[in-house]
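Understanding the architecture of this molecule
Below are the chains, spelled out letter by letter.
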Amino acid sequence: MQKSRIQAAREYRKSYNQAAEKIGRERLDEGLELVKSFTDKTYLFIDNVMLYKAYKSEHVSIEIVSDEYRNGFNWDEWYSAPYAADLGMTPDNKNLFIC
């Protein structure tokens, strides 16, 4: 178990550093704080960096995604779902998806 935790920490640091190279540490840290502030399943895109947090999780995954994958998220469609606004989706941030 200890080896898996160490390996997971290494992988997280690696993905954090790759994302920070692409978008900058400040933007990445702000995005991480935003995602952590929600309880529900959350996706945030900063350019082609995707931050993902599962429902009621404390862990945020950082992943570099393709344009094709990024374009698969339609903000209007997600926002039209019942309770989307109550969960935290607002028209001010079209890169934030919560379900």
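Residues numbered from 1 in each chain as written. Predicted model: local features only at pLDDT ≥ 70, side-chain atom pairs only at ≥ 80, totals over all residues. Heavy atoms only, no water.

As a further point, take the pairing of strand β3 (residues 60-64). Of the pairings in the sheet, the one linking strand β2 (residues 49-53) to β3 comprises five bridges and is antiparallel in character. Bridge pairing in β3 links K53 to V60. If you look at the hairpin formed by β2 and β3, you'll find six residues sitting between the two strands, and K56 has a positive phi there, around 60 degrees. (Pairing = 2+ DSSP bridges. Helix = DSSP H or I, 4+ residues; strand = E, 2+ residues; numbered from the N terminus.)

Among soluble globular proteins, nonpolar side chains are generally buried collectively. The biggest cluster of nonpolar side chains holds 25 residues, and the ones touching the most others in it are L28, L32, F45, V49, L51, I62 and F97. At the level of secondary structure, the elements contributing two or more residues to this core comprise α1 (2-23), α2 (25-36), β1 (42-46), β2, β3 and β4 (96-98). (Core = buried A, V, L, I, M, F, W, Y, C linked by side-chain atoms within 4.5 Å. Buried < 20%, exposed > 50% of the residue type's maximum accessible area, 1.4 Å probe, protein only.)

Here K53 lies in strand β2. Despite its burial, K53 remains without a salt bridge, the nearest opposite charge being carried by D40 at 7.5 Å. In terms of polar contacts, K53 uses its side chain to reach the backbone carbonyl oxygen of F38, at 2.4 Å. (Lys, Arg positive; Asp, Glu negative; His and termini not counted. Salt bridge = Lys/Arg side-chain N within 4 Å of Asp/Glu carboxyl O. Polar contact = N/O pair within 3.5 Å; in protein donor to acceptor, adjacent residues only side chain to side chain.)

Once that is clear, we can look at the packing of aromatic side chains. All chains considered together, the criterion is met by ten aromatic pairs. Where Y43 meets Y52, the ring centres are 4.9 Å apart and the plane angle is 40 degrees; that geometry is what we call tilted. On the accessibility criterion, Y43 (12% relative accessible area) is buried. In this structure Y52 comes out as partly exposed when scored by relative accessible area, which is 22%. Ring geometry for F45 versus F73: centroids 4.8 Å apart, planes at 65 degrees, classification edge-to-face. A residue pair is termed long-range when its members are at least 10 positions apart, and F45 in strand β1 and F73 in the loop between α3 (67-71) and α4 (75-79) qualify at 28 residues. What links up through ring pairs into an aromatic cluster is the set Y43, F45, Y52, Y69, F73, W78 and F97. (Phe/Tyr/Trp six-rings, centres within 6.5 Å; stacked < 30°, edge-to-face > 60°.)

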